[in-house]
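Residue-level structure breakdown
The primary structure of each chain is shown beneath.
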Amino acid sequence: SNLDYDTNNFYGGILATLPDYTPSAEVILDQKHDGANGRIFSLQPNGKLRLTINGTNYDSAVATGLTDGTKHFFSYSVTRETASVAGSILFGVDGVTLGTAVSITAGAPASISNASAQYIMGTSAIRSACIVSKFYSYNRALSAAEVLSLYQNGVADADKWRKKTALTSGTLTTGKKY
């Protein structure tokens, strides 16, 4: 229930090794979807990444082009649309943006429910062959630089321990010990 994106920006990333990067059927990498509402991140038979938000599919502009059986970090960073401004999705592989941003048409965004179960590498009925090393989920969109840093260095200190505010606040006074 803590992965509640509502109508806000969000991010997901998974470090995994897949046996086939142009599979014969869709491979679900990450899912929190009830059949009509939520999100599904997947690898398509054509090698492209897909993010389904509620009932709408968004595919990466280009295929991953990866060697079967190798480990890679797959990600999506979503800036939600508003009534007057289009949103976007940045797909990434190994900390680098895959192709160009995919546009989300302007309009009132539908809420992404947190009521559904979270699945990694499959659904309640299907499991995918793979080795998963890490999974990340943020309730904000990450910039391209933050995605690269996450891939190279892991979670930034500012994002640890579920804190969204600075560990210190106020003004420090010279000469006082804290």
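Below is a summary of the structure that appears in this document.

What follows concerns the overall build of the protein chain. Tallying secondary structure elements over the protein chain gives one helix and eleven strands in all. Sequence-ordered secondary structure for the protein chain, helices as α and strands as β, is β-β-β-β-β-β-β-β-β-β-β-α. The burial tally for the protein chain puts 39% of its 178 residues in the buried class. A separation threshold of at least 6 residues defines the contact pool for the protein chain, and within that pool the share at least 24 residues apart is 61%. Accessible area of the protein chain: about 9,600 Å², with a carbon and sulfur share of 52%.

The final tally for this structure, using the stated rule, is eight aromatic pairs. A centroid spacing of 4.5 Å and a plane angle of 10° characterise the contact between Y5 and F10, whose relative ring orientation is stacked. Of the residues examined, F10 reaches a relative accessible area of 0% and is grouped as buried. For the ring pair F73 and Y151, a centre distance of 5.9 Å and an interplane angle of 25° mean the geometry is stacked. Of this pair, F73 sits in strand β6 (residues 71-79) while Y151 is found in helix α1 (residues 144-153), placing the two residues 78 residues apart along the sequence. Since its relative accessible area comes to 2%, F73 is described here as buried.

The rules behind the values
- Counting of residues starts from 1 at the beginning of each chain's written sequence and follows it residue by residue.
- Per-residue local features are limited, in this predicted model, to residues with pLDDT of at least 70; the limit for side-chain atom pairs, both in listing and counting, is 80 or more; totals at the level of whole chains, interfaces and linings are taken over all residues.
- Side-chain figures throughout are based on the complete set of non-hydrogen atoms in the structure, without hydrogens or water.
- Each helix corresponds to a stretch of at least 4 residues labelled H or I by DSSP, and each strand to a stretch of at least 2 residues labelled E; elements are numbered beginning at the N terminus.
- Burial classification: accessible surface area is computed with a 1.4 Å probe over protein chains only, and a residue below 20% of its type maximum counts as buried, one above 50% as exposed, and the rest as partly exposed.
- Whether two residues are in contact is decided by their heavy atoms: any pair within 4.5 Å suffices.
- What sets the accessible areas is the Shrake-Rupley method with a 1.4 Å probe; for residues, cover comes only from the shown protein chains.
- Ring geometry is summarised as follows: Phe, Tyr and Trp rings, the Trp one being its six-membered ring, pair when their centres sit within 6.5 Å, and such pairs are stacked at plane angles under 30 degrees, edge-to-face over 60 and tilted between the two.

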